[in-house]
Amino acid sequence: MARTVADFGLTRGTLPTGTHNAITDVPGVRVGHCTLRDGDINTGVTAVLPHGGNLFRKKVTAASHVINGFGKTIGLMQVQELGTIETPVLLTNTLSVGICATALIRDAIRQNPDIGRTTGTVNPVVGECNDGPLNDIQALAISEEHALAALADAREGAVEQGNVGAGTGMSCFGFKGGIGSASRKIALGGGHHLGVLVLSNFGRPGDLVLPDGRRPDPRRHAEPERGSIMVVLATDVPLEHRQLERVARRTGAGIARLGAFWGNGSGDIAIAFSTGNLIDHDENRDLVPLLALNEARIDILFRAAAEATQEAVLNSMLSADAFTGRAGTHRASLADWFGDQVERR
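For every chain, the first residue of the written sequence is number 1, and numbering continues from 1 onward in sequence order. Owing to the predicted nature of the model, reporting of local features is limited to residues with pLDDT of at least 70; listing and counting of side-chain atom pairs is limited to 80 or more, with chain, interface and lining totals taken over all residues. In computing side-chain values, all of the structure's heavy atoms are included and hydrogens and water are not.

Asker: Describe the overall build of the chain, naming the residues involved and giving the relevant values.
Answerer: Counting its secondary structure elements, the chain contains seven helices and 14 strands. Radius of gyration here is computed from C-alpha atoms only, and the compact-globule reference equals 2.2 Å multiplied by the residue count raised to the power 0.38. Taking 2.2 N^0.38 as the reference for a compact globule, 345 residues should give roughly 20 Å; the C-alpha atoms of the chain span a radius of gyration of 19 Å, in line with that estimate. Referenced to the eigenvectors of the C-alpha coordinate spread, the extents of the chain come out at roughly 65 × 45 × 35 Å. Residues are treated as being in contact if the distance between any of their heavy atoms lies within 4.5 Å. Contacts in the chain between residues at least 24 apart in sequence constitute 79% of all its contacts with a sequence separation of at least 6. When the accessible surface of the chain is split by element, carbon and sulfur atoms take 50% of a total near 13900 Å². For the chain, the distance from the average site of its 33 positive side-chain charges to the average site of its 37 negative ones is 4 Å. Helix numbers and strand numbers start at the N terminus; a helix is a DSSP run of H or I with at least 4 residues, a strand a run of E with at least 2. Using a 1.4 Å probe, accessible areas were evaluated by the Shrake-Rupley method; residue-level cover was limited to the displayed protein chains. We count Lys and Arg on the positive side and Asp and Glu on the negative side, and we leave His and both chain ends out. Note on charges: their place is set at NZ of Lys, CZ of Arg, CG of Asp or CD of Glu.

In structure tokens, the structure reads:
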């Protein structure tokens with residue numbers, strides 16, 4: 001069972017969590033992983049599906065926000081221009097973005113044979129972090145089959161976290177990083193959720209600040225901040241593209257609370273979507289109704305985004321076991337650091 005913030009008595013903010021305290025608390029959202037761990041190969045793919053149907057036919061409203069742009073994510077330009085996502089979101093290592101995009105394209109064509117023939121092409125969305133220290137990234141071990149396996153594994157309910165999927169070879173603040181998730185209940189119009197899933201691979205060793213003010217020491221020499229984080233944010237609150245971008249921007253507050261300053265070599269990117277309005281690819285009406293949040297109520301979503309992001313990063317580290325990867329490179333577990341603190345008392 002994954003170890004999370006709750007298991008270590010850390011403050012979780014002011015808003016209540018969802019049932020699973022994960023991005024999958026947003027109804028319909030699914031998460032799947034494919035994990036590769038074999039000697040120096042320590043990598044994988046994580047898939048986030050906004051819903052279980054045909055995403056090309058029923059797109060979700062979306063936006064993205066680049067906190068620091070040292071990254072190789074694909075698909076963000078069209079997300080920002082059209083305000084929709086029409087494929088699952090895949091997360092992987094930096095050099096596997098292209099192969100994962102190809103897998104998404106093939107999967108979309110399989111479901112929609114008219115793509116590129118009698119209708120438009122498809123915009124795959126793939127995010128990345130560099131797992132090179134723990135993974136032989138030059139081996140280009142990820143294949144289309146691995147991406148499709150992550151899609152096939154996608155399910156509702158509890159989310160596996162830590163050293164799994166795209167998070168297998170990631171590091172965070174000098175400790176082992178990986179996949180983490182958290183959610184918040186939103187008391188708007190009968191009840192909604194906002195959930196976050198992160199791929200954590202950022203933070204200068206020694207800079208981590210816990211909610212109680214402690215600063216864990218990974219016993220590693222401080223290095224320049226050159227990692228990355230991918231944040232995928234989901235909500236069932238109906239939001240328009242502009243509102244989603246404003247909410248996505250607040251994930252940076254959660255990252256900053258942990259002690260990060262978004263260094264020059266860091267790729268810190270948030271992708272956000274709402275399942276509150278589905279956009280019909282085959283819509284033939286001239287004017288279409290869209291439900292949107294009253295802007296005066298948006299502060300609760302800002303708070304939820306910051307709280308859930310902060311907790312998701314901590315969950316990614318606490319769920320991750322100590323790890324030895326490529327060429328004997330080692331990363332300690334933040335959970336083990338807590339254990340050492342208890343023993344010293």
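Asker: Give me the lowdown on unusual backbone geometry, citing residues and values where you can.
Answerer: A positive phi angle, near 50 degrees, is found at N21, a position not held by glycine. With respect to the secondary-structure elements, N21 resides in the segment before β1 (30-38).

Asker: Summarise the pattern of salt bridges; cite the residues concerned and give the values.
Answerer: In the sections that follow, a salt bridge refers to a side-chain nitrogen of Lys or Arg positioned within 4 Å of a carboxyl oxygen of Asp or Glu. Scanning the entire structure with this criterion turns up 19 salt bridges. Between R184 and E311 there is a salt bridge, and its shortest N-O distance comes to 2.7 Å. Of this pair, R184 sits in strand β9 (residues 178-186) while E311 sits in helix α6 (residues 299-318), and the two are 127 residues apart along the sequence. In this structure, the salt-bridge partner of E307 is R303, at a minimum N-O distance of 3.9 Å. Here the residue E307 and the residue R303 both occupy positions in helix α6, the gap between them amounting to four residues, near one helical turn. The rule is simple: take the accessible area with a 1.4 Å probe, protein chains only, and divide by the maximum for that residue type; under 20% is buried, over 50% is exposed, in between is partly exposed. Judged by its relative accessible area of 4%, E307 falls in the buried class. Salt bridges linked by common partners bring R12, R184, R303, E307 and E311 together as one network.

Asker: Account for the sheet that holds strand β2 (residues 41-49), with residues named and values stated.
Answerer: Only strands joined by at least two bridges in the DSSP assignment are considered to pair. Ordered in space as β1-β2-β5-β6, the four strands form an open sheet in which the pairing is mixed. Single-partner strands in this sheet number two, and they are β1 and β6 (125-129). Between one strand and the next, the sheet's axes are offset by a mean angle of 15 degrees, whatever the strand orientation. Looking at chain direction, β1 and β2 are connected through nine bridges and run antiparallel. Bridging from a neighbouring strand, R37 pairs with N42 of β2. To obtain an axis, a line is fitted to C-alpha atoms, over the contacting stretch when the element is a helix, and the angle between two such axes runs from 0 to 180 degrees between their N-to-C directions. With respect to the sheet, helix α2 (residues 97-111) is in contact with β2, β5 (89-93) and β6, its orientation differing from that of β6 by roughly 155 degrees. Contacts from helix α3 (residues 144-153) reach β1, β2 and β5 within the one sheet, and its direction differs from that of β1 by about 140 degrees.

Asker: Describe the pairing of strand β3 (residues 58-69), naming the residues involved and giving the relevant values.
Answerer: Of all twelve residues that make up β3, nine are buried, and the element is covered over most of its length. The pairing of β3 with strand β4 (residues 84-85) spans two bridges and is classified as antiparallel. Note that in β4 the partner of T61 across the bridge is T84.

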